[in-house]
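What follows is each chain in one-letter form.
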Amino acid sequence: MQFHPTKTYYMTLLCALLLCLNFGCSKDSDLFNEVISENIEENLEDNAEEAPEFIVLSKTFEPTHDAYLQGNQGYNVNLVRLEEENRTSYLMFDLSSLPGKVIDAKLSFTVDSDQGNGTVSVQKSSSTDWTESNLSANNAPSGGALLGSIGKSFLLESEEQVTLDATNIVPEEFTLVMSHSSGNDFAFASKENPNNKGPKLIVSYEAPPGYVDNDPQANDDSSGNDSGNGGDTTGGGDTTGGGDTSSGGGDATGGGDTSGGGDTSGGGDTSGGGDTSGGGDTSGGGDTSGGGDTSGGGDTSGGGDTSGGGDTSGGGDTSGGGNDDNRPPDGALYVTPNGSPNNDGLSEANAWNLEYAFSAAAAGDVVYIKAGNYGALQLNADNSGTPGNPIRFIGYTNTPGDIVSNEGSTFSYGDQLDANKMPLIASGGNIGIQIWEDYIEIENFQITNYTTGIQSTGMNVVLRNIVATNFGTQSNYSSYDGFGIVLGGDNSLLENSFVLNATAEAIKLFDSDYSLVNNCSVYADNPSNPTDYYFLLTGGTNNTVVQNSYAERASGLQHGGHGFDMKDLAEYNTFKNCTARRTNIELNFSGVKNNVVDGCTILGEGTSSGYWHSNIFIANGANNNLIKNTLVKDTWAAINLAEYDDGYVGPGGDRDLMELGADNTFENVTVENTNRMLNIGSGGAFSATARNFDFKNCTLRNFGFVAVVYLGTQNFNFENCNFENGEDLFIEIQEQYAPYSNFDVSWTNCTWSNVNFNPPAN
């Protein structure tokens, strides 16, 4: 048997050797013993397991607050939105519970409802003086140190991670400021999102040995190690947080424009009547999230692949909402004018007809509709899409994706409807397209000669490049019966669309919150029964934006109409970068408050009383609104304050107050070439007053009067305003108005040049 020496054997041999040496020379033995002893101690110290100074653990944090800012308004909804120079997002995290240094950090978010592309930058701000319920332009944190960025396409349902510079992250409460650049806007799920896929901050941090986290639910423990027992000195292996970071989680608005003021030649449209049909079903319920842009994300053109592949945003859910009819993986289906419900819809040669497509399409389907005249159809979207898998109906000319609208419709004023360019439905009676369901998208479509073009009460509905003309009785002035596009669901998007000659209301949002109307145009040129309302927000529409849009009334029509109008119940809405030509911007009723008109333009025809149609019109108690950065040019009265009996009683009561308006602010407003900047008081209620109007940094140039006063005022203030080339300061109309027409006004730091009156003292 082979001999194997053991540790005992070597130790015995060593002891014998030491004993022999000890007998030979005591001094030498002492030296040798000292050397051996030191070597043994050093070897023991080298081989001993060093006590760790810290361990590394991972933890996932949800934000304590998350919201986004659009304009001056903060939005706390199910989505957090990003858009270059328009929407900035804010996430507050509290890492103060961490016991040591942060050594690694990643921000995770899931794209939801609206895909896009570009670059997202993440900055850190130490400011936490905001909450998701009170975020505004006044308290929004400014960006600080850049922690990280990511540039790519952000597809629906994709989970994205931004690696952050951990050297600037310490265990404290702070804000991450997310901004977007160089691409199309998109949205991601907030912590309130019902699908539990809100943003997360995943950090690795140092902790003392044996540290136990008292909040284990927030720990990312996917490594399988017990992060609290301290036994594994590596901190559980994966210091990146491991695991799946996505877990964790009927407006009777016709009224009449009696804005003629004191001049009885102003006329005013007293027809209009009341629209009891325009509102439709205000149900819809559900998700009021979304904030302004609910678009399908990016280019919804569907790509150029005639096999239906091209469009990667179609959802691609082969489940088809429960259908098992052998649909293709990309969800693409086809409709042609000669299609049939007996076909499979998988190609143009085997296309469906249009009615069947609207009834059969399911979540994730992309239905390509070829140009053609589809006749007098009344279409109903019978099924609902889902978040990330909408049902999409996309018109095309010859090949899917060959019609792309950008910053406006592909149809211009003066063009003729052409069924050879886009699908067309015509002369179908009541409603062209009815949308009751959610997550429906319709793009590149023509509708004409119905009572209502499109009526939608679904949530998260997208309408893009819709061309809608001639609704209602065009030949009868007293008929208030034509409606272009009526949206009654939250989170709606109407974009790049065109409406011509809807006798009553062209584009209306009725109880449609967090919606966006973008790059749309409305024209009226029918002298027999011109459009009354061009863009109308009413019936409880809140937190909605109409931007980059245009309203034009042809010269010489019987009434001025209402260009951009917020009425009855409309709060926290915005008209931004919009133009009204020969018509007005209107805020009407006491329920119209906390709204913003920003960067808009009103263009009239001249300064005589016959041109009373173009103005900023505030009436019947509208209050606490801000009008800023706006130009009013070539008008009889630039700003008209009125009280009249509109006759409409809205949901919950009559908000038609006997008041001209209160607590409204005009900031950086420019008025050029007008008979009067202010016309105060039209209508028959002599006791009505206008209260607390502030004019800051405004310019009035080429004017007859600063103000013509019929009814009472209280506390009008002009501050840092500039007045040039004027005839008169103001006039208080007497006659029957004598007991009321007093102008209670103050002037602070105002400048006057080339005026034919003695300027007031500042």
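The rules we used
- Residues numbered from 1 in each chain as written.
- Predicted model: local features only at pLDDT ≥ 70, side-chain atom pairs only at ≥ 80, totals over all residues.
- Heavy atoms only, no water.
- Disulfide = S-S within 2.5 Å.
- Buried < 20%, exposed > 50% of the residue type's maximum accessible area, 1.4 Å probe, protein only.
- Phe/Tyr/Trp six-rings, centres within 6.5 Å; stacked < 30°, edge-to-face > 60°.
- Helix = DSSP H or I, 4+ residues; strand = E, 2+ residues; numbered from the N terminus.
- Lys NZ or Arg CZ within 6 Å of the ring centre and 35° of its normal.
- Pairing = 2+ DSSP bridges.
- Salt bridge = Lys/Arg side-chain N within 4 Å of Asp/Glu carboxyl O.
- Core = buried A, V, L, I, M, F, W, Y, C linked by side-chain atoms within 4.5 Å.
- Contact = heavy atoms within 4.5 Å.
- pLDDT = per-residue confidence, 0-100.

Re the state of the cysteines
In step 1: Evaluation of the coordinates by the stated rule reveals 0 disulfides.
In step 2: In this structure Cys-698 is not part of a disulfide, and its nearest cysteine sulfur, from Cys-721, lies 4.6 Å away.
In step 3: Free of any disulfide, Cys-750 has its nearest cysteine sulfur in Cys-721, 4.8 Å distant.
In step 4: Residue classification places Cys-750 among the buried positions, given a relative accessible area of 6%.

Some words on the packing of aromatic side chains
In step 1: A complete count under the given rule lists 32 aromatic pairs for this structure.
In step 2: When the centroid spacing of 4.9 Å and the interplanar angle of 85° are considered together, the rings of Trp-352 and Tyr-356 count as edge-to-face.
In step 3: Measuring from ring centre to ring centre gives 5.0 Å for Phe-730 and Phe-743, while their planes differ by 70°; the resulting arrangement is edge-to-face. Here Phe-743 lies in the loop between β47 (722-732) and β48 (745-748) and Phe-730 lies in strand β47, a separation of 13 residues in the sequence.
In step 4: What makes Phe-743 buried here is its relative accessible area of 8%.
In step 5: A connected cluster of aromatic rings, assembled from ring pairs, spans Phe-666, Phe-693, Phe-695, Phe-703, Phe-716, Phe-718, Phe-723, Phe-730, Phe-743, Trp-747, Trp-752 and Phe-757.
In step 6: Over the aromatic face of Phe-174 sits the side chain of Lys-124, whose NZ or CZ is 5.2 Å from the ring centroid.

A word on the sheet that holds strand β32 (residues 570-571)
Within a sheet, neighbouring strands are paired by backbone hydrogen bonds and run either parallel or antiparallel to one another.
In step 1: Sheet architecture is open: 3 strands sit in the order β28-β32-β36, paired in parallel fashion. In this open sheet, the two strands that pair with only one neighbour each are β28 (541-542) and β36 (592-593).
In step 2: Pairing geometry for β32 and β36, over 2 bridges, is parallel. Bridged to Ala-570 within β36 is Val-592.

Brief notes about the pattern of salt bridges
In step 1: Scanning all chains against the criterion turns up 20 salt bridges.
In step 2: The shortest N-O distance in the salt bridge between Glu-443 and Arg-464 comes to 3.7 Å. With a gap of 21 residues between them, Glu-443 in strand β19 (residues 440-456) and Arg-464 in strand β20 (residues 462-471) connect regions that are remote in the sequence.
In step 3: Take Glu-443: its relative accessible area is 4%, and that puts it in the buried class.

With respect to the nonpolar core
In step 1: Counting residues in each nonpolar core, the largest one holds 103 residues, and the members touching the most others are Phe-695 and Phe-718.
In step 2: Residue contributions to this core peak at 7 residues, all from strand β45 (residues 699-709).
In step 3: In contact with Phe-695, not counting residues within four places along its chain, are Ile-639, Phe-666, Met-677, Leu-678, Phe-716, Asn-717, Phe-718, Glu-719 and Cys-721.
In step 4: Core analysis: the next-biggest nonpolar cluster, separate from the first, contains 42 residues, Ile-55, Leu-98, Phe-154 and Val-545 among them.

Points about the environment of Pro-530
In step 1: For Pro-530, the position within the fold is in the loop between β26 (521-524) and β27 (533-538).
In step 2: Along the chain, Pro-530 and Leu-557 lie 27 residues apart, while their C-alpha atoms are 6.8 Å from each other.
In step 3: Excluding residues that lie within four positions of it along the chain, Pro-530 makes contacts with Tyr-477, Thr-503, Leu-557, Gln-558 and His-559.

Describing the confidence of the model for the protein
In step 1: Per-residue pLDDT for the protein averages 80, and the proportion of residues at 70 or more is 76%.
In step 2: Confidence drops under pLDDT 50 across residues 1-49; counting only partners more than four residues distant or on other chains, this segment forms 7 contacts.
In step 3: Overall, residues 217-329 carries pLDDT values under 50, and its contacts beyond four positions in sequence, including any with other chains, amount to 316 contacts.

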